[in-house]
Amino acid sequence: YTFMKEIWKDTKYKNYQVSNIGEVKNIKTNYILNQFTDKDGYKLVKIKGQMRKVHRLVAEAFLDNPDNLPYVNHKDECKHHNWVSNLEWCDAKYNCNYGTRNERLSKKYINILKIIN
């Protein structure tokens, strides 16, 4: 992602822009916002007092969503890789069954059961 030309687009939040590589800035101050990681591993920024998921901001600004799909999937399954080429709109079923998610969850629960027993 470091080789991509950074492109900025407006967000639905006045005075804020997001880039195709997952940066968010206040256009009045030209300040790049600090990003935080939530308990699930998603990157967040604070806009107008509210925490917003960076991957959603990128998808809303850069990806067409003609079917009005509700979820944004990370193609490489890494929640902090928020560049536009790594994101896609999807439905809940696709998002839940994508990649190795189910395999990772089953291993997690098997390990928990081993600890309990």
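The paragraphs below set out a description of the structure included in this document.

So, how was this worked out
Residues numbered from 1 in each chain as written. Predicted model: local features only at pLDDT ≥ 70, side-chain atom pairs only at ≥ 80, totals over all residues. Heavy atoms only, no water. Pairing = 2+ DSSP bridges. Helix = DSSP H or I, 4+ residues; strand = E, 2+ residues; numbered from the N terminus. Core = buried A, V, L, I, M, F, W, Y, C linked by side-chain atoms within 4.5 Å. Buried < 20%, exposed > 50% of the residue type's maximum accessible area, 1.4 Å probe, protein only. Contact = heavy atoms within 4.5 Å. Salt bridge = Lys/Arg side-chain N within 4 Å of Asp/Glu carboxyl O.

## Examining the sheet that holds strand β7 (residues 50-53)
The strands making up a sheet are joined through hydrogen bonds of the backbone, oriented either antiparallel or parallel. Within the open sheet, the 3 strands sit side by side as β5-β6-β7. Their pairing is antiparallel. Both outer strands of the open sheet, β5 (36-37) and β7, are each paired with one neighbouring strand and no more.

## Here we look at the nonpolar core
A general trend in soluble globular proteins is that nonpolar side chains are found buried together. Counting 17 residues, the largest nonpolar core has Val18, Val24, Val45, Ile47, Leu57 and Val58 as its most contacted members. Put simply, the parts of the chain that give this core at least two residues each are β2 (16-19), β6 (43-47), α1 (54-62) and β9 (87-90). Looking at which element gives the most residues to this core, the answer is α1, with 6 residues. What Val18 contacts, discounting residues up to four positions off in sequence, is Ile7, Trp8, Lys9, Thr11, Glu23, Val24, Leu57, Val58, Ala61 and Phe62.

## A few points about unusual backbone geometry
Backbone geometry follows two general trends: most residues other than glycine have a negative phi, and most peptide bonds adopt the trans configuration. Positive phi, close to 60 degrees, is recorded for Asn30, a residue that is not glycine. Position of Asn30 among the secondary structure elements: in the loop between β3 (24-26) and β4 (31-32). For Lys48, which is not glycine, the phi torsion reads 50 degrees and is therefore positive. If you trace the backbone, Lys48 turns up in the loop between β6 and β7. Given the relative accessible area of 53%, Lys48 is considered exposed.

## Structural notes on the environment of Lys9
Position of Lys9 among the secondary structure elements: in strand β1 (residues 8-10). The class for Lys9 is partly exposed, based on a relative accessible area of 35%. Separated by 51 residues in sequence, Lys9 and Glu60 have C-alpha atoms that sit 9.9 Å apart.

## A word on the side chain of His74
Tracing the backbone through its elements, the reader meets His74 in strand β8 (residues 71-74). Residue His74 is classed as buried on the basis of its relative accessible area of 4%. Ignoring sequence-local partners within four residues, the contact set of His74 consists of Tyr42, His55, Lys79, His81, Asn82, Asn86, Leu87 and Tyr98.

## Focus: the pattern of salt bridges
Counted under the stated rule, the structure contains 3 salt bridges. In this structure, Lys12 and Glu60 form a salt bridge, with 3.7 Å as the shortest nitrogen-oxygen distance. Here Glu60 lies in helix α1 and Lys12 lies in the loop between β1 and β2, a separation of 48 residues in the sequence. For Lys12, a relative accessible area of 60% corresponds to the exposed category. According to the relative accessible area criterion, Glu60 is partly exposed, its value standing at 34%. A salt bridge links Arg56 to Glu60; the shortest N-O distance between them is 3.6 Å. With Arg56 and Glu60 both in helix α1 and 4 residues apart, the pair spans about one turn of that helix. Assessed through its relative accessible area of 29%, Arg56 is described here as partly exposed.

On their own, these measurements won't tell you what the molecule is for.
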